[in-house]
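# Observations on the model geometry
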2 protein chains.
Amino acid sequence: MAPTILIVEDDPAVRELLAFILKQNNFEITEVEDAESAQQKLLQKHPGLILVDWMLPGMSGVDFAKQIKANKSTTDIPIIMLTARGEEEDKVRGLECGADDYVTKPFSPRELVARIRAVMRRLVPHKSDEVATFGDLLLDPVRHQVSVAGKLLQMGPTEFKLLHFFMTHQERVYSRGQLLDWVWGANSFVEERTVDVYVRRLRTALEVHSYDAMIQTVRGVGYRCSAEAQ
Amino acid sequence: MAPTILIVEDDPAVRELLAFILKQNNFEITEVEDAESAQQKLLQKHPGLILVDWMLPGMSGVDFAKQIKANKSTTDIPIIMLTARGEEEDKVRGLECGADDYVTKPFSPRELVARIRAVMRRLVPHKSDEVATFGDLLLDPVRHQVSVAGKLLQMGPTEFKLLHFFMTHQERVYSRGQLLDWVWGANSFVEERTVDVYVRRLRTALEVHSYDAMIQTVRGVGYRCSAEAQ
DNA sequence: TTTTTTTGTGACAAAATTATTACGGCAACG
DNA sequence: CGTTGCCGTAATAATTTTGTCACAAAAAAA
């Protein structure tokens, strides 16, 4: 799933260039001309990153970035500011206002993409690092390992995420749709029955240590992670 | 283990900004509002670096820094001072305050992190110059040599840096992006796939002594250095 | 009991990820 | 100059993971 990038740029030529470069690099694009339209878009959906020009008609890029970073629901969205060459002061202020990086015009496509990737990988990982437990079962997000009494369990990435979710949300029933939202991500086009298959795979991975009963089926509703027997 | 940074800053906005930036860059954070609380914290545990504001309620940042440097048990802790532009800048620059470096507000995240890393490299040599071990494997940063039972292993500079990072950050999974940040530097324009190639080269170098299994692949996440078998 | 609905299971092809190899560029050095 | 060693990338091979389907099994409803 390609991350979406919101481009806020009033100059059509630059905007199209940006869109072109980013599309070439498999990013999804949303384009707007000013800060006001950008805020409209943000109400609908949060992009993976915002690319905003320093100079904009109406609200400036700096003020826009400030607003984004000040708002709790959007503060985690990375922002890269586009600035004209010159003025070191501008760069500093651009960063100080909350932008995570800047790119000076003219820029090379390579640099732009590199900076976007760098910022995203630094800002995206926001996961909890706490070890989750369920009886003797330990899930360590830092090591990315699951173990029972020191013995490691083997499983794929999705099974790991699913188990992590269950272990951190025990005793409560979740529908297949909810599990898709949490584990697969809110806008993934995946069949609900796929959840069944992964629950099965997870149970198989847990089976060797008799922990397969921890994921219980709640008929007509979904699944639950529980210590109590069915 | 990431170094801990003690932030001494009374302005909540600046404090949060600092904490935010540093957390993004893999530092552990302790935050306090004034010099007195900072001294309390120092009794419990020594941080890897202290970031202190020039202006503080109660004891000033300068006096605080002087105290830290005067005390034998804390004199080795690097101190970076935060100053506002124009705020007795020359005096601070004159190094009379005992700090090892200073950063003027407004600052860019890049500059802040760069200075922190620079100061830590400069002032905490005994830390990064310590011989790292992994079983029989020894890595000597001073001699720039890797050996097993006295036999030297041959490898290039990048493989060496990568191995050094892994040996000093065992058991934790790192994404390719994080490895690029740490080993190649925060703003290098290098493809993530390059990490794969260097892991391969490193494994090949370690292969002759059967240490190639120490770098483990964590599918969908990255790599990990671990003594435990997969 | 029979029918209907829901869930479990194994297999499979497509997609994604990682391993491995090869190559051109570049700087240091003779 | 040519050589050498290292760097980063690209191409390709090997491997794992992913999502879906068809069908079996189980549970609920009729």
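Because the structure is a prediction, the values reported are computed rather than measured.

### As for the protein's contact with DNA strand D
- Taken together, 26 residues lie near DNA strand D, and T158, T194 and R201 of chain A together with T158 and T194 of chain B sit nearest.
- Considering the 4 Å shell around the protein, atoms of DNA strand D inside it are sugar or phosphate in 66% of instances.
- Here a phosphate oxygen of DNA strand D sits 3.5 Å away from a polar atom, N or O, in the side chain of E159 of chain A.
- A distance of 3.3 Å is found between a base oxygen of DNA strand D and a side-chain nitrogen or oxygen belonging to R219 of chain B.
- Listed by contribution, the elements that provide at least two residues to the surface near DNA strand D are α6 (157-168) and α8 (193-207) of chain A together with α7 (157-168) and α9 (193-207) of chain B.
- The residue makeup of the surface near DNA strand D, split by class, is 12 nonpolar, five polar and nine charged.

### Details of α6 of chain A
All names here are of chain A.
- For α6, spanning 12 residues, the distance from its first C-alpha to its last is 17 Å, which sits close to the expected 16 Å at 1.5 Å a residue.
- The element α6 is extensively covered by neighbouring structure, given that nine of its 12 residues are classed as buried.
- For α6, the complete set of buried residues consists of T158, E159, F160, L162, L163, H164, F165, F166 and M167.

### Side note on the pairing of strand β11 (residues 215-218) of chain A
Residue and element names in this part refer to chain A.
- Relative to strand β12 (residues 222-225), β11 runs antiparallel, the two sharing four bridges. From the neighbouring strand, T217 faces β12, where its bridge partner is Y223.
- Hairpin connection between β11 and β12: a loop of three residues separates the two successive antiparallel strands, and G220 in this loop has a positive phi of roughly 80°.

### Some thoughts on the packing of helix α8 (residues 176-184) of chain B against α9 of chain B
Residues and elements named next belong to chain B.
- Here α8 crosses α9 at 70°, and the two axes come no closer than 9 Å. By the angle between their directions, the pair α8 and α9 is classed as roughly perpendicular. Here R176, L179, L180 and W184 of α8 lie close against α9, whose contacting residues are R193, T194, V195, D196 and Y198.
- Split into classes, the residues belonging to the contact of α8 with α9 amount to five nonpolar, one polar and three charged.

### A short note on the packing of aromatic side chains
Residues and elements named next belong to chain A.
- Within the structure shown, the criterion is met by 10 aromatic pairs over all chains.
- With centroids separated by 6.1 Å and ring planes inclined at 75°, the aromatic side chains of F134 and Y211 adopt a geometry described as edge-to-face. On the criterion of sequence distance, the pair formed by F134 in strand β6 (residues 132-134) and Y211 in the loop between α8 and β11 is long-range, its members being 77 residues apart.
- Accessibility expressed as a relative area gives 9% for F134, which makes it buried.
- Look at Y211 and you get buried, because its relative accessible area is 15%.
- An aromatic cluster of at least three residues, connected via ring pairs, comprises F165, F166, Y174 and W182.
- Positioned above the aromatic ring of Y198 is the side chain of R201, whose terminal nitrogen or guanidinium carbon lies 4.8 Å from the ring centre.

### A closer look at the sheet that holds strand β6 (residues 132-134) of chain B
Residue and element names in this part refer to chain B.
- Pairing within the open sheet is antiparallel, and its four strands lie in the order β6-β7-β8-β9. The sheet is open, and its two edges are formed by β6 and β9 (151-153), each paired on a single side. Strand-to-strand twist of the sheet, defined as the mean angle between neighbouring strand axes without regard to direction, takes the value 25°.
- Note that β6 and strand β7 (residues 137-140) share three bridges and pair antiparallel. Across the sheet, the residue bridging to F134 is L137, located in β7.
- Together, β6, β7 and β8 (145-148) form the strand contacts of α7, whose direction differs from that of β7 by roughly 115°.

### Focus on the protein's contact with DNA strand C
- As a matter of local geometry, DNA strand C sits amid 24 residues, with R200 and T217 of chain A together with R200, T217 and Y223 of chain B nearest to it.
- R203 of chain A is positioned with one of its side-chain polar atoms (N or O) 3.0 Å from a phosphate oxygen of DNA strand C.
- Between DNA strand C and the protein, one listed contact pairs a phosphate oxygen with a side-chain N or O atom of T217 of chain B at 2.4 Å.
- Contributing elements (two or more residues each) for the surface near DNA strand C: α8 and β11 of chain A together with α9 and β11 (215-218) of chain B.
- The element contributing the most residues to the surface near DNA strand C is α9 of chain B, with six residues.
- Split into classes, the residues belonging to the surface near DNA strand C amount to six nonpolar, four polar and 14 charged.

### Some details on the side chain of R176 of chain B
Residue and element names in this part refer to chain B.
- Position of R176 among the secondary structure elements: in helix α8.
- Looking at R176, the relative accessible area reads 15%, which means it is buried.
- Polar side-chain contacts of R176 include one of 2.6 Å to the side chain of D196.
- For R176, the residues in contact, after removing those within four places along its chain, are E192, R193, V195, D196, V221, G222 and Y223.

### Here we look at the sheet that holds β6 of chain A
All names here are of chain A.
- Strand order in this open sheet of four strands is β6-β7-β8-β9, and the pairing throughout is antiparallel. Looking at strand neighbours, the two that pair on one side only are β6 and β9 (151-153), the edges of this open sheet. Each strand axis lies, on average, 25° off the axis of its neighbour in the sheet, ignoring direction.
- As paired strands, strand β8 (residues 145-148) and β9 are joined by three bridges and run antiparallel to one another. In the strand pairing of β9, S147 is matched with L152.
- With respect to the sheet, α6 is in contact with β6, β7 (137-140) and β8, its orientation differing from that of β7 by roughly 115°.

### Side note on the nonpolar core
- Counting 30 residues, the largest nonpolar core has L137, L163 and M214 of chain A as its most contacted members.
- Every element with two or more residues in this core is listed here: β6, β7, β8, α6, α7 (176-184), α8 and β12 of chain A.
- Contact partners of L163 of chain A, with chain neighbours within four places excluded, come to L137, L139, V146, M155, L202, L206 and M214 of chain A.
- If you look at the next biggest cluster of nonpolar residues, it comprises 29 residues, including L153, F165, V183 and I215 of chain B.

Parameters at a glance
- Residues numbered from 1 in each chain as written.
- Chains lettered and ligands numbered in written order.
- Predicted model: local features only at pLDDT ≥ 70, side-chain atom pairs only at ≥ 80, totals over all residues.
- Heavy atoms only, no water.
- Near = heavy atom within 4 Å.
- Polar contact = N/O pair within 3.5 Å; in protein donor to acceptor, adjacent residues only side chain to side chain.
- Helix = DSSP H or I, 4+ residues; strand = E, 2+ residues; numbered from the N terminus.
- Nonpolar A, V, L, I, M, F, W, Y, C, P; charged D, E, K, R; others polar.
- Expected span 1.5 Å × (residues − 1).
- Buried < 20%, exposed > 50% of the residue type's maximum accessible area, 1.4 Å probe, protein only.
- Pairing = 2+ DSSP bridges.
- Axes fitted to C-alpha atoms, helices over the stretch in contact; angles between N-to-C directions.
- Parallel < 35°, antiparallel > 145°, perpendicular 65-115°, else oblique.
- Contact = heavy atoms within 4.5 Å.
- Phe/Tyr/Trp six-rings, centres within 6.5 Å; stacked < 30°, edge-to-face > 60°.
- Lys NZ or Arg CZ within 6 Å of the ring centre and 35° of its normal.
- Core = buried A, V, L, I, M, F, W, Y, C linked by side-chain atoms within 4.5 Å.

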